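As a plain string of letters, each chain reads:
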Amino acid sequence: MLSKEQNELVTRTGPGTMMGDLFRCYWLPVLLSQELAENDGPPVRVKILSERLVAFRDTKGRIGLIDEFCAHRGPSMWFGRNEDCGLRCPYHGWKYDVNGQCVDVPSEPAESGYAKKIKLKSYPTVEKGGVIWAYLGPPERRPPEPAFEFCTVPREQSFISKRSQECNWLQAMEGGIDSSHVSWLHSGNVNNDPLFKGAGGNKYNFGDLAPVFEVAEAPGGLFIGARRKAEDDQYYWRITPWVMPCFTGVPPRGDHPMHGHFWVPVDDENCWAWSYDYHPVRPLTKEERAAMEAGNGVHCEYVPGTFRPLANKDNDYLMDRQAQREKREYSGIKGIAIQDSSLQESMGPIIDRTKENLVGCDNGIIMARHRLMRAAKALAEKGTIPPGVNDEHHKVRACAMLLKRDVAFKEGARDALKAEVGRAQTTV
Amino acid sequence: MLSKEQNELVTRTGPGTMMGDLFRCYWLPVLLSQELAENDGPPVRVKILSERLVAFRDTKGRIGLIDEFCAHRGPSMWFGRNEDCGLRCPYHGWKYDVNGQCVDVPSEPAESGYAKKIKLKSYPTVEKGGVIWAYLGPPERRPPEPAFEFCTVPREQSFISKRSQECNWLQAMEGGIDSSHVSWLHSGNVNNDPLFKGAGGNKYNFGDLAPVFEVAEAPGGLFIGARRKAEDDQYYWRITPWVMPCFTGVPPRGDHPMHGHFWVPVDDENCWAWSYDYHPVRPLTKEERAAMEAGNGVHCEYVPGTFRPLANKDNDYLMDRQAQREKREYSGIKGIAIQDSSLQESMGPIIDRTKENLVGCDNGIIMARHRLMRAAKALAEKGTIPPGVNDEHHKVRACAMLLKRDVAFKEGARDALKAEVGRAQTTV
Amino acid sequence: MLSKEQNELVTRTGPGTMMGDLFRCYWLPVLLSQELAENDGPPVRVKILSERLVAFRDTKGRIGLIDEFCAHRGPSMWFGRNEDCGLRCPYHGWKYDVNGQCVDVPSEPAESGYAKKIKLKSYPTVEKGGVIWAYLGPPERRPPEPAFEFCTVPREQSFISKRSQECNWLQAMEGGIDSSHVSWLHSGNVNNDPLFKGAGGNKYNFGDLAPVFEVAEAPGGLFIGARRKAEDDQYYWRITPWVMPCFTGVPPRGDHPMHGHFWVPVDDENCWAWSYDYHPVRPLTKEERAAMEAGNGVHCEYVPGTFRPLANKDNDYLMDRQAQREKREYSGIKGIAIQDSSLQESMGPIIDRTKENLVGCDNGIIMARHRLMRAAKALAEKGTIPPGVNDEHHKVRACAMLLKRDVAFKEGARDALKAEVGRAQTTV
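Residues numbered from 1 in each chain as written. Chains lettered and ligands numbered in written order. Predicted model: local features only at pLDDT ≥ 70, side-chain atom pairs only at ≥ 80, totals over all residues. Heavy atoms only, no water.

1. A short note on the overall build of chain A
Threshold: Segments assigned H or I by DSSP are reported as helices when at least four residues long, segments assigned E as strands when at least two residues long, and all are numbered from the N terminus. Here the globule rule is a power law, 2.2 Å times the number of residues to the power 0.38, and the radius of gyration is based on C-alpha atoms. Burial here depends on accessible area, computed with a 1.4 Å probe over protein chains only, as a share of the maximum for the residue type. Under 20% is buried, over 50% is exposed, and the range in between is partly exposed. Here, residues are in contact when the closest pair of their heavy atoms is within 4.5 Å. Here the Shrake-Rupley method, with its probe set to 1.4 Å, supplies the accessible areas, and only the displayed protein chains count as covering residues. Positive: Lys, Arg. Negative: Asp, Glu. His and the chain ends are not part of the count. Taken as the charge centre is NZ of Lys, CZ of Arg, CG of Asp or CD of Glu, depending on the residue.
Across its full length, chain A carries 10 helices and 18 strands. In terms of overall size, chain A behaves like a compact globule, its C-alpha atoms giving a radius of gyration of 22 Å where 428 residues would be expected to give roughly 22 Å. When the backbone C-alpha atoms are referred to their principal axes, chain A occupies close to 85 × 45 × 45 Å. Taking all 428 residues of chain A together, the buried fraction comes to 63%. Long-range contacts, defined as pairs at least 24 residues apart, comprise 61% of the intrachain contacts of chain A with a sequence gap of at least 6. In the form shown here, chain A has an accessible surface area of approximately 15600 Å², with 52% of it arising from carbon and sulfur atoms. Of the side-chain charges in chain A, 55 are positive and 57 negative, and the distance between the mean point of each set is 1 Å.

Spelled out as structure tokens, the structure:
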């Protein structure tokens, strides 16, 4: 449970907010590389942290991420012509380079130097692992580049998608660090989804419906361990890493690819759910990739031509009461992505956390919220660089493993929780 | 005409409002029985008096009407699984019975007794005459069960429907106690609708377009009499009962079934128009029932799969100017339900009653408003139980009859205005 | 650049605003004549300057423009029956004549004289050139009738359309007095549109992309001249008249019909773009008229049954990136009307003018804004009748001509800028 003030603090990320300033310490995913597929291709609207921007890839392949609106009289640069190393406003021909610098104001004499005085807000980007990342903070604090394993493995080992979600980022992310709901909401999927089924560990999920949660601090965030009873004197551990502010991993199942999410605020009532799959040591198979493209696993189907899920709140998420009754889909909703989004969106745009009743399995959520609030305050009050900015903090992995009951998971899983080139995931 | 303050008082029915407290003294219709057709069937969202609830029928046929949102972290229980005497949230498996009592929190040890401490808001319901009624007030004031004749006759004698209307409940209900508009807006229907036409009294409606209105206090509300000149020294009286806060009857025509409405606030800008037909002493004929199902009489056609009228403000109510020109439909809109809703919605979500110009035929409306306001104030100031709560107040009937001109309608129609088992309606 | 207060002043036109009072000094186009095609035909909703009205043509052909809502209990008179010299509310039969005077309240005895006491707000109209004009100001200031050339030539010489635009009127009109954008945004059209192409002057548009702007005061507003270099020691001048508050002309091309616009506020976030074409001395050809009806030139295609453009913000204006790339359509949007509306709507409902960066080619815009603000203040403070009210001020024309470089355009184009019966436009 949070106070009204705490709930405001932790959910609002627009310019000038404390949580907004925190987010502006990190590289955040903004576009899939294929959204800016070619040099001089169409620009793309980007809304992030309540800022309206436009992205384009210029003639030389450089990426610009600049204010959406022309500095002259304000039309959207989304209508711009992407030509000869710059984006030109079609209204009066003002042209900007990837840094937002105005390089041409045709109505003014070149010798006046007028264009030089005009500069749109722009943010640096970096392209890694099929994702275009942006940093929206002050230049002097620019952090090292993102080093999450999913974006550093060879491209044939990963698959990345995104979908829009119509609620605040935090209630979406809270689903990502809450493994206790898997045994309920996603119970049908564990056995049926081609990207989950057949793993030896699955049996433990249903053998013990009251997992015990333990949360440990990590340099960049948290490790959230859920243990279930296993044979002999062992526990089946599923351990979820959370890297501040909004990266989460899902513990693996068998040799299936690993997956997880980034939860990025669009504005205070919308977010992007980024979903990645990768295998640390081998290419994805053709079948795996096809299953992901079809919306299996953590991915989804879309309204054609958009990143909006096909099953959404306007169609009650294609609720199938018969499937619910038969527990083919526990909530009647198909696919784990939409199972999550349907419930999270049903809470309203920003859930009122003064009315919650939290229990033991919410410890990861409780600790993450407080870590976020503490870091935001330390940043505001003392300029403290928050956890997770350091690229070494990114090099974590989810894992699933059996441990003797007297072994603390942080000890037993120490190596398993590290991302390491050439070493396979630790899984059951 | 009302002052701004009076208009606020009489239209706002959310929690904590004076009119909202008044409504919370009564049983109100919330669902058709067929919306919860079977035990363990799908739950249904209910919004009433600005409260968001969910209804379900459990394994034993009991009906629950509880807070829409799970007490844990707030997803909508509409997604819940209705199973084994309770509704289970698909997120983490919290389960509630029909009283809103939490009966299972799977992640907590049963012996902790945690579930017992969790209870969702819930309201009692009663099922009568094909309608599920709810009482949203304090338990100590729970009134006797509804006893309106339409819900106490055998089911083969009645037909009940509902439609959503996109305006405040009061401007909808004011149409229901305003019989002066029938000669204009509904003039086409009186002669053409299979459920109205052929009655001997219809000729008087068009023989005297300036009826005189007399309003008499009734124990539970008002009797609103409209008299028109008839043969010899008689008047043709049509008398409309209003039972507080929002029940109305329509005077009958010949031996057609009797009908009327309940006008129930969804929130301050939307309401349900409930429409009932029944015959006091005989089953509805197959033809009558078919006509009602087809949207004749006080009923309507729907957008498939919803209770929204097919003719609605997004399609200008399927206005037919040619029909208007030819007076086949006086306003060009088909069917009396939509004729009413089109005009009432056109006033805006909440009509500004400071700008009205009321005349003699609005006396019923004027008196009803003041009765509502007086009752709301007496309840707020002295805790006075308002009229209409007593089930004896429900036992009224509309009637149509010829009376000698020197007879006061309240005397002449005394018996005709009483609902009495086994006695036919008084009609012309 | 304007201050926040100036931007509010110049954009808000509802009742009681300074700019609203200014607009209420003028005749404004409200409907096409064909929207009220026949006597006793269907009434039409009119929203203008944030007032909601309904228009109808009565039995004798007179036009009424009255408050949309019945004085009794407030339903929309759009549902009214237009019959026997008046519009009758279908709810209770109250009837109003074209002056808003209530002429019948059926429920009240005729001898009571009640109807006479009821009068709806109404505004005078005049029909000219296929347009119904209204004056919304105080009767004592009623100006002479509109005398713009497009509405005084014989009907076979003109074609008039309108389209809705989803932004404040001023940012729409600013496009109309900004000829510098033609060389960019509309560059494809000058050579391809059947209503523009082939004119001898077109070559100058592309021969000099940095036109110099000179603005001269006119009795009713401004003349905005754009000069481009031409052969010998000549300039190619294109001169745009602006008549207060919102009439603009487009300089002609060859012998094509002349065109221009009226920009009329619906409310503060929507406007009507009226578009006219006419030839001063000859009928439009069949081909010209067909091209206009097909949406060429300054006109557009519509969502069927509406005046909303087919290409609108809900479909990203049917952006065609391939056409943009090939410069067939410079911005990728088809047609100059939608090229303009797409960019103007993309600025948001009311552009924030505190953030602009204006340059030399915006001088016309700067002067028009200040002229509007000065006139609004003079009206408010001293009751000064503003420019453009006088019908002589309407008799202006756009022109395109070659002038010696040492000739001031206001001298050289003096006659060309006057509308004169029987004299062709001055054009190149």
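2. Details of the packing of helix α1 (residues 4–11) of chain C against helix α9 (residues 363–382) of chain C
Between two packed helices, what matters for the description is the angle formed by their axes and the separation of those axes. Residue and element names in this part refer to chain C. Selection rule: What counts as an axis is a line fitted to C-alpha atoms, over the stretch in contact for a helix, and the angles between N-to-C directions run from 0 to 180 degrees. Angular relationships are summarised with four words: roughly parallel below 35 degrees, roughly antiparallel beyond 145, roughly perpendicular across 65 to 115, and oblique for the angles in between. Throughout, the ten residues Ala, Val, Leu, Ile, Met, Phe, Trp, Tyr, Cys and Pro are labelled nonpolar, Asp, Glu, Lys and Arg are labelled charged, and all others, Gly among them, are labelled polar.
Viewed as axis vectors pointing N to C, α1 and α9 meet at an angle of 75 degrees, and their least axial separation amounts to 10 Å. The orientation of α1 with respect to α9, classified from their angle, is roughly perpendicular. Packed against α1, whose contacting residues are Q6, L9 and V10, the element α9 presents R369, H370, L372, M373, A376 and K377 at the interface. Of the residues in the contact of α1 with α9, the class split is 5 nonpolar, 2 polar and 2 charged.

3. Topic: the environment of M347 of chain B
Considering the arrangement of structural elements, one finds M347 of chain B in the loop between α8 (336–346) and α9 (363–382). Through-space distance from the C-alpha of M347 of chain B to that of N168 of chain B is 10.0 Å; in sequence the pair is 179 residues apart. Every residue in contact with M347 of chain B, bar those within four places of it in the chain, is listed here: Q171 of chain B together with R73, G74, P75 and Y91 of chain C.

4. Examining helix α6 (residues 286–293) of chain C
Residue and element names in this part refer to chain C. Keep this limit in mind: The directions considered for the arc are those from the helix axis to the C-beta atoms.
Of the residues making up α6, those classed as buried are E288, A291 and M292. Along the axis of α6, the buried residues cluster in a sector spanning 100 degrees; they form a single face. Exposed and facing more than 90 degrees away from the buried side of α6 are K286, E287 and E293. Where α6 is buried, its residues touch β11 (158–165) and β17 (270–278). Phi turns positive one or two residues past the end of α6, at G295, with a value near 95 degrees.

5. Considering the relation of the copies chain C and chain A
Keep this limit in mind: Alignment of copies: least-squares fit on C-alpha atoms of residues with pLDDT of at least 70 in both copies.
Superposition record for chain C on chain A: RMSD 0.0 Å, screw rotation 120 degrees, translation along axis 0.1 Å. Read as a symmetry element, the transformation amounts to a three-fold axis. Rotation axis and chain C: the residue whose C-alpha lies nearest the axis is D314 of chain C, separated from it by 9.8 Å.

6. Some words on α8 of chain B
Residues and elements named next belong to chain B. Across the 11 residues of α8, 11 count as buried, placing the element largely inside the fold. Among the residues making up α8, those that are buried are I336, A337, I338, Q339, D340, S341, S342, L343, Q344, E345 and S346. In the core, the buried residues of α8 are packed alongside β11 (158–165), α3 (169–176) and α4 (187–192). Phi turns positive one or two residues past the end of α8, at G348, with a value near 100 degrees.

7. Examining the side chain of Q339 of chain A
By the element assignment, Q339 of chain A lies in helix α8 (residues 336–346). Discounting chain neighbours no more than four positions away, the residues touching Q339 of chain A are L185, H186, N189, E329, S331, I333 and K334 of chain A.

8. A few points about the interface of chain C and chain B
Let me state the cut-off plainly: Buried area: the sum, over both parts, of the accessible surface (1.4 Å probe) that disappears when the two are put together. Salt bridges are defined as contacts in which a side-chain nitrogen from Lys or Arg sits within 4 Å of a carboxyl oxygen from Asp or Glu.
Listed per partner, the contact involves 29 residues of chain C and 37 residues of chain B. In total, about 2600 Å² of surface goes out of reach between chain C and chain B, with carbon and sulfur atoms giving 56% of it. Its largest share of buried area at the contact with chain B, chain C owes to R73, R81 and Y91 of chain C, together 30% of the area lost on that side. Put simply, chain C and chain B have 4 salt bridges between them. With its nearest N and O atoms 2.9 Å apart, the salt bridge here joins D362 of chain B to R73 of chain C.

9. With respect to the sheet that holds strand β10 (residues 131–135) of chain A
All names here are of chain A. Here is the rule we go by: Any two strands with at least two DSSP bridges between them are considered paired.
What the 3 strands build is an open sheet, ordered β1-β10-β9; its pairing is antiparallel. Unpaired on one side and paired on the other, β1 (27–32) and β9 (125–128) mark the two borders of the sheet. When the angles between neighbouring strand axes are averaged without regard to direction, this sheet yields 35 degrees. In terms of strand pairing, β9 meets β10 through 4 bridges, oriented antiparallel. Note on β10: the bridge partner recorded for K128 is V131.

10. Describing the interface of chain C and chain A
Taken together, the 37 residues of chain C in the interface contact 29 residues of chain A. With both sides pooled, the region where chain C packs onto chain A buries about 2600 Å², and carbon together with sulfur makes up 55% of that total. Three residues stand out in chain C for area buried against chain A, namely W184, R321 and N357 of chain C, and they jointly supply 22% of the buried area on that side. The set of elements that each furnish at least two residues to the side of chain C that touches chain A consists of α3 (169–176), α7 (321–325), α8 (336–346) and α9 of chain C. Take the side of chain C that touches chain A: its biggest share by element is 5 residues, from α8 of chain C.

11. Thoughts on the sheet that holds strand β2 (residues 44–48) of chain B
Residue and element names in this part refer to chain B. On the basis of which strands lie adjacent, the open sheet formed by 3 strands has the order β2-β3-β4 and antiparallel pairing. Every other strand in the sheet has two partners, leaving β2 and β4 (63–67) as the edge strands with one partner each. Each strand of the sheet is rotated relative to its neighbour by a mean of 30 degrees, with strand direction disregarded. Both β2 and strand β3 (residues 51–57) contribute to a ladder of 5 bridges, which runs antiparallel. Paired with V46 across the two strands is L53, which belongs to β3.

12. A word on the nonpolar core
How we decide: We call a set of buried Ala, Val, Leu, Ile, Met, Phe, Trp, Tyr and Cys residues a nonpolar core when their side-chain atoms join them within 4.5 Å.
By size, the foremost hydrophobic cluster in this structure holds 118 residues, and its most contacted members are F150 of chain B together with Y96 of chain C. The greatest single-element share of this core, amounting to 7 residues, is contributed by α9 of chain B. With sequence-adjacent residues up to four places away left out, F150 of chain B is seen in contact with V131, W133, S158, I160, F247, F262, Y276 and Y278 of chain B.

13. As for the pattern of salt bridges
All chains considered together, the criterion is met by 108 salt bridges over all chains. With its nearest N and O atoms 2.8 Å apart, the salt bridge here joins D58 of chain C to R62 of chain C. Taking the shortest distance from any N to any O, the salt bridge between E411 of chain C and R414 of chain C comes out at 2.8 Å. Residue R414 of chain C is classed as partly exposed on the basis of its relative accessible area of 45%. Salt bridges here are not isolated pairs; linked through shared partners, they connect R81, E83, R88 and D104 of chain A.

14. Comments concerning the side chain of R88 of chain A
Put simply, the rule is: Whenever a nitrogen or oxygen atom comes within 3.5 Å of another N or O atom, the pair is scored as a polar contact, on the condition that within protein one atom can donate a hydrogen and the other can accept it, and that pairs from neighbouring residues in sequence are kept only if both atoms are in side chains.
By the secondary structure assignment, R88 of chain A is in strand β6 (residues 87–88). A relative accessible area of 10% places R88 of chain A in the buried class. Here E83 of chain A takes part through its side chain, which lies 2.5 Å from a polar atom of the side chain of R88 of chain A. Reaching out from R88 of chain A, the side chain makes a polar contact with the backbone oxygen of G93 of chain A at a distance of 2.7 Å. If sequence neighbours within four positions are ignored, R88 of chain A has contacts with M77, G80, R81, E83, G93, W94, K95, D104 and P106 of chain A together with W184 and Y330 of chain C.

15. Regarding the pairing of β11 of chain B
With 8 bridges joining them, β11 of chain B and strand β17 (residues 270–278) of chain B adopt antiparallel strand pairing. Looking at the pairing, R163 of chain B lines up with A273 of chain B of β17 of chain B.

16. Focus on the environment of L120 of chain B
All names here are of chain B. Of note, L120 is situated in the loop between β8 (102–104) and β9 (125–128). In this structure L120 comes out as buried when scored by relative accessible area, which is 6%. C-alpha of L120 to C-alpha of Q339: the two residues are 219 residues apart in sequence and 40 Å apart in space. Residue contacts for L120: discarding those within four places in its chain leaves I66, D67, F69, C70, A71, Y96, N99 and G100.

17. What to know about the packing of aromatic side chains
The condition is simple: Pairing of aromatic side chains here covers Phe, Tyr and the six-membered ring of Trp, requires ring centres within 6.5 Å, and sorts the geometry by plane angle: under 30 degrees stacked, over 60 edge-to-face, intermediate tilted. Our definition puts a charge over a ring when NZ of Lys or CZ of Arg is within 6 Å of the ring centre and also within 35 degrees of the ring normal.
Evaluated as defined, the whole model comprises 69 aromatic pairs over all chains. The interplanar angle of 85 degrees and the centroid separation of 6.4 Å between the aromatic rings of Y235 of chain C and W237 of chain C together place this pair among those described as edge-to-face. Both residues of the pair, Y235 of chain C and W237 of chain C, belong to the buried class. With a centroid separation of 5.1 Å and an interplanar angle of 40 degrees, the aromatic rings of W237 of chain C and F409 of chain C are classed as tilted. Taken together, the residues span a long stretch of sequence, with W237 of chain C in strand β14 (residues 234–243) and F409 of chain C in helix α10 (residues 409–412) at a distance of 172 residues. Side by side, W237 of chain C and F409 of chain C carry an identical accessibility label, which is buried. The rings of W133, F148, F150, F247, F262, Y276 and Y278 of chain A are connected pair by pair, giving a single aromatic cluster. Taking NZ or CZ as reference, R45 of chain A lies 3.9 Å from the ring centre of W78 of chain A, over its face.

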